[in-house]
Amino acid sequence: MKALHDIKEVYFIGIGGIGMSALARYFKAKGKKVSGYDKTETALTKQLVGEGIEVHYEDDEKYIAKEAGIVVYTPAIPASNRELTYYRHHHYPLLKRSDVLGEITKSSFNICIAGTHGKTTITTMTAHLLRHSGYGCNAFLGGIAANYNSNFWSSENNVCVVEADEYDRSFLKLHPDIAVISAMDADHLDIYGTEEEMQLAFVEFAAKVKKGGSLISKWGLKRAAALSALQNADQQFTYSLQNNKADAYAANITNRQGGYVFDVHTKEGWLKAVELNMGGLHNIENAVAAITVAKRIGIEDEKIKAAMAAFRGVKRRFEYIIPPSGDSTTVYVDDYAHHPAELEALLKGARLLFAERRCTVIFQPHLFSRTRDFGEAFAATLDIADEVILLPVYPARELPIAGVSSRLIFDKMKNEHKYIMDKEEALEWIKHKYGQKKPGLLITAGAGDIDQMVLQVKEILENMNGEK
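Residues numbered from 1 in each chain as written. Predicted model: local features only at pLDDT ≥ 70, side-chain atom pairs only at ≥ 80, totals over all residues. Heavy atoms only, no water.

Asker: An account of the overall build of the chain is requested, with residue identities and associated values reported.
Answerer: A tally of helices and strands in the chain yields 15 helices and 21 strands. In terms of overall size, the chain behaves like a compact globule, its C-alpha atoms giving a radius of gyration of 22 Å where 468 residues would be expected to give roughly 23 Å. Principal-axis analysis of the C-alpha atoms gives the chain an extent of 65 × 55 × 40 Å. Burial status across the chain gives 57% buried among its 468 residues. (Helix = DSSP H or I, 4+ residues; strand = E, 2+ residues; numbered from the N terminus. Rg over C-alpha atoms; globule rule 2.2 N^0.38 Å. Buried < 20%, exposed > 50% of the residue type's maximum accessible area, 1.4 Å probe, protein only.)

Structure follows, in structure tokens:
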């Protein structure tokens, strides 16, 4: 295979994925001809087309790029895909997204951010801090940064901020100078088999930090001893929400208009009155991690504070669809949470910010295997809410598993105010039965296609609020 800089045309199978589209944008920014296939047209694929990237939605080899120097595909694409089959039979260079990121990061200074929760927000915050401060970076994000409405941007500075995905062991292809690990809770057991094997993969990722680099990990991780024993990173740092045993932590937290003001302790001293304009205490912790990275590369305190105050969040990460204000009856939050730990952080953070509001959650379980593995944990977490609507399981890449459905979670819940509905039924329920007797907090959560409901839910709520 040619070196990436010598390749003139790149084709993507599954181009609409959040990670794949970032790579497509990268190659487009490098002057390559880029095109690709995806199963469904989305707002993201429409954006790609608007940026000059050809996208089609029919799995047919007549649409493919015959002159492609490399073909990039996602593991979510089935082996039976006709286009993938064509390229394989005709011996084109076929690379997974992780392989390409591995090649890109061979020749740059890399900040690689991993974790079963929090990595998208920390990556986006970090990349924003570097961009806003003028330091500059190439950003490969697993979400859409609200400030820039994109999951990728480029810079002349040869620094990459990369979301390091543990799925399919993808992050082991990267070459970090600074590595961050935010969490290693059990997930993707279809890949790893056991929680222990997954944790060992995170240790292996940390061991890939280049000599002279830095490892930044959340205080109290289960493999903390194994991480501390690594000799490759010259400097190791820990961070926490408020545990003062960590090297970096937040203190003096106060709520302000759905966000926070707080101080951050670092090894270099205190950073006072940091503003964060998004909800969720877990996002303060994410900010502490991003600030720790920024301090490691020498960004000045005032630039860090200015960038954090300007940060507008990540689409579908504690995203205010209807923000708190004096004239809205309901606050509406949308979030990507699809693991019990993420869902718990979301619900607890929201309830602390809006303790006086009745909390209603519409949750779409993601993957049959995750529903099977964590059904009891999902049920206990959803019981935090006042009422819950469960949508059918979103299967993504999986086939159904006998006996596994949203009913598995439903039956384990103690909350009496619980329902199973499809999306249309849920919209009708909001329209006709959603309680408005006291100020409400409505949350939609999940990693499937629940995001397609958001604008409809917003319109219904705004009509309700307007009638009051």
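Asker: Pulling in residues and values, what's your account of the sheet that holds strand 13 (residues 249–256)?
Answerer: Within a sheet, adjacent strands bond to each other through the backbone by hydrogen bonds, running parallel or antiparallel. Spatial strand order, 13-14-15: three strands in an open sheet with antiparallel pairing. Two strands bound the open sheet, and with one partner strand each, they are strand 13 and strand 15 (269–276). Across the sheet, the mean angle from the axis of one strand to that of its neighbour is 15 degrees, orientation sign disregarded. Sheet topology note: the strand 13/strand 14 (residues 259–266) ladder contains six bridges and is antiparallel. Looking at strand 14, one finds that Ala251 is bridged to Asp263. Contacts from helix 9 (residues 281–296) reach strand 13, strand 14 and strand 15, with the element oriented near 40 degrees to strand 14. (Pairing = 2+ DSSP bridges. Axes fitted to C-alpha atoms, helices over the stretch in contact; angles between N-to-C directions. Contact = heavy atoms within 4.5 Å.)

Asker: Please give an account of the pattern of salt bridges that cites residues and values.
Answerer: Here the structure, examined in full by the defined rule, presents 25 salt bridges. Of the charged contacts, one joins Asp263 and Lys272 as a salt bridge, the two residues approaching to 3.6 Å between their closest N and O atoms. Given a relative accessible area of 45%, Lys272 falls into the partly exposed group. (Salt bridge = Lys/Arg side-chain N within 4 Å of Asp/Glu carboxyl O.)

Asker: I'd like a rundown of unusual backbone geometry, residues and numbers included.
Answerer: Of note, the phi angle at Asn149 is positive, near 50 degrees, even though the residue is not glycine. Along the chain, Asn149 falls in the loop between strand 7 (138–145) and strand 8 (150–153). Positive phi is not limited to glycine here, since Asn252 has a value of about 55 degrees.

Asker: Got a sec to walk through the packing of aromatic side chains? Specific residues and values, please.
Answerer: Under the criterion given, the structure shown has 18 aromatic pairs. Between Tyr26 and Phe140, the aromatic rings sit 5.5 Å apart at their centres with planes inclined by 50 degrees, giving tilted as the arrangement. Pair noted here: Tyr26 is in helix 1 (residues 18–29) and Phe140 is in strand 7, with a separation of 114 residues, a long-range link. A single burial state applies to Tyr26 and to Phe140, both of which are buried. Ring centres 5.3 Å apart and planes at 55 degrees place the aromatic pair Phe140 and Phe152 in the tilted group. With Phe140 in strand 7 and Phe152 in strand 8, the pair connects residues that are twelve residues apart, well separated along the chain. A single burial state applies to Phe140 and to Phe152, both of which are buried. In this structure an aromatic cluster arises from ring pairing among Phe12, Tyr26, Phe27, Phe140 and Phe152. Directly above the aromatic system of Trp270 lies the positively charged group of Lys272, at a separation of 5.2 Å from the ring centroid. (Phe/Tyr/Trp six-rings, centres within 6.5 Å; stacked < 30°, edge-to-face > 60°. Lys NZ or Arg CZ within 6 Å of the ring centre and 35° of its normal.)

Asker: Tell me about the pairing of strand 1 (residues 9–13), residues and numbers included.
Answerer: Where burial is concerned, most of strand 1 is hidden: five out of the five residues are buried. Here strand 1 shows no split at all, with Glu9, Tyr11 and Ile13 on one side and Val10 and Phe12 on the other all buried. Of the strand pairs in this sheet, strand 1 and strand 2 (residues 33–37) are connected by five bridges, and their pairing is parallel. For Val10, the partnering residue across the bridge sits in strand 2 and is Val34. Between the parallel pair strand 1 and strand 2, the chain is carried across by helix 1, and the sense of this crossover is right-handed. Alignment of strand 1 against strand 4 (residues 70–73), held across four bridges, turns out to be parallel. (Right-handed = clockwise from strand over helix to strand, strands pointing away.)

Asker: Account for helix 5 (residues 119–132), naming residues and giving values.
Answerer: Between its terminal C-alpha atoms helix 5 stretches 19 Å, which fits the 20 Å expected from 14 residues at 1.5 Å a residue. For helix 5, the buried fraction is high: twelve of the 14 residues fall into the buried class. (Expected span 1.5 Å × (residues − 1).)

Asker: Explain the sheet that holds strand 10 (residues 178–181) to me, using residue names and the numbers behind them.
Answerer: Read from one edge to the other, the open sheet built from seven strands follows the order 8-7-9-6-10-11-12, with strand pairing classed as mixed. Every other strand in the sheet has two partners, leaving strand 8 and strand 12 (235–239) as the edge strands with one partner each. Between one strand axis and the next, the sheet turns by 15 degrees as a mean value, whatever way the strands run. Bridge count for strand 7 against strand 8 is three bridges, and the pairing is antiparallel.

Asker: Can you break down the packing of helix 1 against helix 2 (residues 43–50) residue by residue, with the values?
Answerer: When two helices pack together, their arrangement is given by the angle between the helix axes and the distance between those axes. Packing of helix 1 against helix 2 brings their axes to within 11 Å, and their N-to-C directions diverge by 5 degrees. Here helix 1 lies roughly parallel to helix 2, going by the angle between them. On the side of helix 1, the interface is formed by Ile18, Ser21 and Arg25, while helix 2 contributes Leu44, Gln47 and Leu48. (Parallel < 35°, antiparallel > 145°, perpendicular 65-115°, else oblique.)

Asker: Quick rundown of the state of the cysteines? Include the residues and the values.
Answerer: For the structure on display, the rule yields zero disulfides. Not engaged in a disulfide, the cysteine Cys160 finds its nearest cysteine sulfur in Cys112; these two sulfurs lie 8.2 Å apart. (Disulfide = S-S within 2.5 Å.)

Asker: Break down helix 10 (residues 301–310) for me, citing the residues and quoting the values.
Answerer: Residues Ile304, Ala307 and Met308 constitute the buried set of helix 10. Within helix 10, the buried residues cover an arc of 100 degrees as seen down the axis, which keeps them to one side. The inward-facing, buried residues of helix 10 contact helix 5, strand 15 and helix 9. (Arc of directions from axis to C-beta.)

Asker: Describe the packing of helix 5 against helix 10, and please don't skip the residues or the numbers.
Answerer: Packing of helix 5 against helix 10 brings their axes to within 9 Å, and their N-to-C directions diverge by 120 degrees. Taken together, helix 5 and helix 10 sit at an angle that is classed as oblique. By crossing handedness, the relation of helix 5 to helix 10 is classed as right-handed. Where helix 5 approaches helix 10, its residues His128, Leu129 and His132 are matched on the opposing element by Ile304, Ala306, Ala307, Met308 and Ala310. (Left-handed = near helix turned anticlockwise from the far one by under 90°.)

Asker: Tell me about the side chain of Ser133, and name the residues and values.
Answerer: Here Ser133 is to be found in the loop between helix 5 and strand 7. Here Leu129 takes part through its backbone oxygen, which lies 2.7 Å from a polar atom of the side chain of Ser133. Excluding residues within four positions of it along the chain, Ser133 makes contact with His128, Ile299 and Lys303. (Polar contact = N/O pair within 3.5 Å; in protein donor to acceptor, adjacent residues only side chain to side chain.)

Structural measurements only, silent on function.
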